[in-house]
Amino acid sequence: MELRQLRYFVAVAEELHFGRAAERLHIVQPTVSQQVRRLERELRLDLFERTTRQVALSAAGAAFLPHARAVLAAERAGLDAMADHRAEQNAVLRIGTSVGLGTHLEHVLAALAESAPELTVTLKSSPTATRLRAVRDGELDTAFVRGTSHTPGLDLLPVWKDPLVVALPAAHPLAADAAVHVADLATLPLRIVPRESNPHLVDLVVTACHNAGFEPVLGPAFTTDQDTLAAIATGPPSWTVFYAAQAAHLPAGRTVFRPFAPPAPMAETYLAVHPATPARRLAPLLAACHAEVSRLDCGV
């Protein structure tokens, strides 16, 4: 039994005319008649009652019709599902990023390339508010964000926590320690961005200082990674912070990066997604993020 025979049978059953069925199928009538006869021989039953003037379904044909339609519907559903799957596999996944993702982004993209090689990924870096608006408006499929645990109209999925590390002059005595206690930085000027530029980061650092019993001494503002590290390396002693994954990508030179002694300030990273986004679309990215968390847990 072939699918085309079922299609021909259903067309004749609905038209009750071999000629009209052939026109509907865009084939010649003898082909329709021949394939229906072959189907009847296989079933060993007549599916139609034929006269010179009319064609009618036999009792066997009427009983067989819903089953034939079900098989054809299943075929269509299967083909549609595979078409959707191909479209998703070949789709572009638009991800919003930010400064500081560092090695996390590299590992996630590598895992995506391995698990979903057909997926094309585009990255767009922008301020947090711009990224969230782009996800809400459908311009991005998702975005990595920090510093917020709630935003109207979007779901925030926690992916990992990032410890902060301190950047110090390599010649400073604290650089010899394996980990730096926040309280030991009380007398050193802190180079950090203005709060309006990154309120979450500033609040995280200032809160850690307050918990250690001091108000941080603010030095010149953090500008760029390169310029700030150069100033710390060559100027009067000062310090700043980086996300650990970001610091892993930065050259040390005459500065050093040291972890904070527990409790280290931690920043939570989320994926912002629109509630209407199909879960299947983001599944490869979420799996890649879970793989990154597993890597962190193993200390790799």
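Use the structure listed above.
*Asks:* If you had to explain the overall build of the protein chain to someone new, which residues and values would you point to?
*Replies:* When helices and strands are counted, the protein chain shows ten helices and eleven strands. At 33 Å, the protein chain has a C-alpha radius of gyration far larger than the 19 Å of a compact globule built from 300 residues. When its C-alpha atoms are laid out on the principal axes, the protein chain stretches across 105 × 35 × 30 Å. Every one of the 300 residues in the protein chain was classed for burial, and the buried ones make up 39%. Of the contacts made within the protein chain by residues no fewer than 6 positions apart, 72% connect residues no fewer than 24 positions apart. Per element, the accessible surface of the protein chain, about 16,000 Å² overall, is 57% carbon and sulfur. Taken together, the 27 basic and 30 acidic charged side chains of the protein chain have centroids lying 9 Å from each other.

*Asks:* Before we move on, can you summarise the packing of helix 5 (residues 103-115) against helix 10 (residues 279-297) with the specific residues and values?
*Replies:* For the pair helix 5 and helix 10, interaxial distance at closest approach is 9 Å and the crossing angle is 125°. The angle between the axes of helix 5 and helix 10 places the two elements in the oblique class. Note on packing geometry: the crossing formed by helix 5 with helix 10 is right-handed. Here Thr103, His104, His107, Val108, Ala111 and Leu112 of helix 5 come into contact with helix 10, specifically with Pro284, Leu285, Ala288, Cys289, Glu292, Arg295 and Leu296. Counted by class, the contact of helix 5 with helix 10 contains eight nonpolar, three polar and two charged residues.

*Asks:* Before we move on, can you summarise the nonpolar core with the specific residues and values?
*Replies:* In terms of nonpolar packing, the biggest core is built from 32 residues, with Leu168, Leu185, Val205, Trp239 and Phe242 touching the most fellow members. At the level of elements, strand 6 (155-169), helix 7 (199-211), strand 9 (240-243) and strand 10 (255-259) are the ones that each hand at least two residues to this core. Residues Leu6, Ala11, Val12 and Ala22 belong to the second largest nonpolar core, which totals 20 residues.

*Asks:* Any chance you could break down the packing of aromatic side chains for me, citing the residues and the numbers?
*Replies:* Applying the stated criterion across every chain yields a total of six aromatic pairs. Relative to phenylalanine 48, the ring of phenylalanine 9 has its centre 5.5 Å away and its plane inclined at 55°; by these criteria the two rings are tilted. A residue pair is termed long-range when its members are at least 10 positions apart, and phenylalanine 9 in helix 1 (residues 3-15) and phenylalanine 48 in strand 1 (residues 48-50) qualify at 39 residues. Phenylalanine 48 matches phenylalanine 9 in its accessibility class, with the two residues each being buried. With a centroid separation of 5.6 Å and an interplanar angle of 70°, the aromatic rings of phenylalanine 222 and phenylalanine 242 are classed as edge-to-face. Of the two residues, phenylalanine 222 is situated in the loop between strand 8 (217-218) and helix 8 (225-234) and phenylalanine 242 in strand 9; the sequence distance between them amounts to 20 residues. Phenylalanine 222 sits in the buried class, given a relative accessible area of 14%.

*Asks:* How would you sum up the environment of threonine 277? Please name residues and give values.
*Replies:* Relative to the assigned elements, threonine 277 resides in the loop between strand 11 (266-273) and helix 10. Separated by 72 residues in the primary sequence, threonine 277 and valine 205 have C-alpha atoms spaced 35 Å apart. Contact partners of threonine 277, with chain neighbours within four places excluded, come to Asp141 and Leu282.

*Asks:* Explain unusual backbone geometry residue by residue, including any values.
*Replies:* In the segment running from proline 262 into proline 263, the intervening peptide bond is cis, with an omega of 0°. Tracing the backbone shows proline 263 in the loop between strand 10 and strand 11. Its identity is not glycine, yet leucine 16 carries a phi of approximately 50°, on the positive side. Position of leucine 16 relative to the elements: it lies in the loop between helix 1 and helix 2 (18-25). Classification of leucine 16 as partly exposed rests on a relative accessible area of 38%. Its identity is not glycine, yet arginine 44 carries a phi of approximately 60°, on the positive side.

*Asks:* Can you tell me about helix 8, naming the residues and giving the values?
*Replies:* Turning to helix 8, its buried residues are Thr228, Leu229, Ile232 and Ala233. Viewed along the axis of helix 8, the buried residues span an arc of 135°, placing them on a single side of the element. Seen from the buried face of helix 8, the exposed residues on the opposite side, beyond 90 degrees, are Gln226 and Thr234.

Reading the values: rules and limits
Residues numbered from 1 in each chain as written. Predicted model: local features only at pLDDT ≥ 70, side-chain atom pairs only at ≥ 80, totals over all residues. Heavy atoms only, no water. Helix = DSSP H or I, 4+ residues; strand = E, 2+ residues; numbered from the N terminus. Rg over C-alpha atoms; globule rule 2.2 N^0.38 Å. Buried < 20%, exposed > 50% of the residue type's maximum accessible area, 1.4 Å probe, protein only. Contact = heavy atoms within 4.5 Å. Areas by Shrake-Rupley, 256 points an atom, 1.4 Å probe, with all protein chains shown as cover. Lys, Arg positive; Asp, Glu negative; His and termini not counted. Charge placed at Lys NZ, Arg CZ, Asp CG, Glu CD. Axes fitted to C-alpha atoms, helices over the stretch in contact; angles between N-to-C directions. Parallel < 35°, antiparallel > 145°, perpendicular 65-115°, else oblique. Left-handed = near helix turned anticlockwise from the far one by under 90°. Nonpolar A, V, L, I, M, F, W, Y, C, P; charged D, E, K, R; others polar. Core = buried A, V, L, I, M, F, W, Y, C linked by side-chain atoms within 4.5 Å. Phe/Tyr/Trp six-rings, centres within 6.5 Å; stacked < 30°, edge-to-face > 60°. Arc of directions from axis to C-beta.

By themselves, these figures tell us nothing about what the structure is for.
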